[in-house]
Amino acid sequence: GENVEQHPSTLSVQEGDSAVIKCTYSDSASNYFPWYKQELGKRPQLIIDIRSNVGEKKDQRIAVTLNKTAKHFSLHITETQPEDSAVYFCAATLIIQGAQKLVFGQGTRLTINP
Amino acid sequence: NAGVTQTPKFQVLKTGQSMTLQCAQDMNHNSMYWYRQDPGMGLRLIYYSASEGTTDKGEVPNGYNVSRLNKREFSLRLESAAPSQTSVYFCASSVVATHGGGNQPQHFGDGTRLSIL
């Protein structure tokens, strides 16, 4: 089955600097890669996603890149702000029997230092 | 438009008790999912339902059962709760297009925090 590895597990950056979180996946059939942000005690919320036919996608300060050959994808946050502090999860997705099978990484706890 | 609604938000059980976690979505999504999240870990899929009338096991199904009551509702049952099932449980739903459109995001509920003593 699919396996997703996420690094680093914790990341601390100064406000205004950039943060990068990396994920690798094992199943080349995975074709959709969402990123979720989870604040303490809250639900995971989608912040950006990328499909396998696209190499890069950007939304304001957030960007995601995908390298299908190497089977890795990354989240880039620029000009970080205190409200970016949260746990971030990557996921790889297969469609099996009409349903999405999301496999999540272990999460990265991002702390933005003022 | 409430999205995905889970009840209850918190529950404490004794070992061996049973209970059902409820989930309902109002987005007309065809697929629904149950995950558990343990401290320091990502979400792990317990069961999923591709469409009304179908359910399948995910990564960690042991000790759980599910019912897709109708298109809106998907419940998770613990028949005999064990301390290892102490966790936060999330329900999610999504549209899965069978012809074009591909994957769409899963939308999550607020979670049920379950403690088993």
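Note that the structure is a prediction, hence the values are computed from the model and not measured.

**Details of the interface of chain A and chain B**
- Opposite the 24 residues of chain A that make contact, chain B presents 24 residues.
- Each partner contributes to the roughly 2000 Å² buried at the junction of chain A and chain B, and carbon and sulfur atoms together form 50% of this total.
- In terms of surface lost to chain B, no three residues of chain A exceed Arg-43, Gln-100 and Phe-104 of chain A, which account for 30% of the buried area on that side.
- Summed over the shared surface of chain A and chain B, the result is one salt bridge.
- Close ionic contact of Arg-43 of chain A with Asp-110 of chain B constitutes a salt bridge, the shortest N to O distance being 2.6 Å.

**What about the environment of Tyr-88 of chain A?**
- Note on placement: Tyr-88 of chain A falls in strand 9 (residues 86–96).
- Relative accessible area serves as the criterion here: at 2%, Tyr-88 of chain A is assigned to the buried category.

**So, the pattern of salt bridges**
- As enumerated under the stated definition, the model contains seven salt bridges over all chains in all.
- The residue Asp-84 of chain A makes a salt bridge to Arg-61 of chain A at a minimum N-O spacing of 2.9 Å. Linking Asp-84 of chain A in the loop between strand 8 (72–77) and strand 9 with Arg-61 of chain A in the loop between strand 6 (56–59) and strand 7 (62–67), this pair joins segments that are 23 residues apart in sequence.
- Overall, Arg-61 of chain A belongs to the partly exposed group, its relative accessible area being 22%.
- One salt bridge connects Asp-38 of chain B with Arg-36 of chain B, and the closest N-O pair in it is separated by 3.0 Å. With respect to burial, Asp-38 of chain B and Arg-36 of chain B carry one shared label: buried.
- Several salt bridges converge on common partners, so that one network encompasses Arg-36, Asp-38 and Arg-44 of chain B.

**Considerations on the confidence of the model for chain A**
- This prediction gives chain A a mean pLDDT of 94; 100% of its residues lie at or above 70.
- Here strand 10 (residues 99–104) of chain A stands out as the element of chain A with the lowest mean pLDDT, 86, in contrast to strand 3 (residues 19–25) of chain A, whose mean of 98 is the highest.

**Focus on unusual backbone geometry**
- Cis geometry is found at the peptide bond from His-7 of chain A to Pro-8 of chain A, where omega equals -5 degrees.
- Locating Pro-8 of chain A in the fold gives a position in the loop between strand 1 (4–7) and strand 2 (10–14).
- Thr-7 of chain B connects to Pro-8 of chain B through a cis peptide bond whose omega is -5 degrees.
- Within the secondary structure, Pro-8 of chain B is located in the loop between strand 1 (4–7) and strand 2 (10–13).
- In the Ramachandran plot, Glu-79 of chain A falls in the positive-phi region, its phi being about 45 degrees despite a non-glycine side chain.
- For Glu-79 of chain A, the position within the fold is in the loop between strand 8 and strand 9.

**A look at the pairing of strand 10 of chain A**
Residue and element names in this part refer to chain A.
- Inspection of the sheet shows strand 9 paired to strand 10 by six bridges, in the antiparallel sense. Among the inter-strand pairings, Thr-93 is bridged to a residue of strand 10, identified as Leu-102.
- Counting the residues that bridge the hairpin from strand 9 to strand 10 gives two residues, and of these Gln-97 lies at a positive phi of roughly 50 degrees.

**Here's the deal with the nonpolar core**
- Tyr-25, Phe-33, Trp-35, Phe-73, Leu-75, Tyr-88 and Leu-110 of chain A are the most contacted members of the largest nonpolar core, which totals 23 residues.
- Elements with a minimum of two residues in this core: strand 2, strand 3, strand 4 (32–38), strand 5 (45–51), strand 7, strand 8, strand 9 and strand 11 (108–113) of chain A.
- Aside from chain neighbours lying at most four places away, what touches Phe-33 of chain A is Tyr-25, Ile-48, Asp-49, Ile-50, Ser-52, Leu-66, Phe-73, Ala-91 and Ala-92 of chain A.
- Formed by 19 residues, the second largest nonpolar core is a distinct cluster that contains Leu-13, Ile-46, Leu-76 and Ile-116 of chain B.

Rules used in this analysis
Residues numbered from 1 in each chain as written. Chains lettered and ligands numbered in written order. Predicted model: local features only at pLDDT ≥ 70, side-chain atom pairs only at ≥ 80, totals over all residues. Heavy atoms only, no water. Contact = heavy atoms within 4.5 Å. Buried area = accessible area lost by both parts, 1.4 Å probe. Salt bridge = Lys/Arg side-chain N within 4 Å of Asp/Glu carboxyl O. Helix = DSSP H or I, 4+ residues; strand = E, 2+ residues; numbered from the N terminus. Buried < 20%, exposed > 50% of the residue type's maximum accessible area, 1.4 Å probe, protein only. pLDDT = per-residue confidence, 0-100. Pairing = 2+ DSSP bridges. Core = buried A, V, L, I, M, F, W, Y, C linked by side-chain atoms within 4.5 Å.

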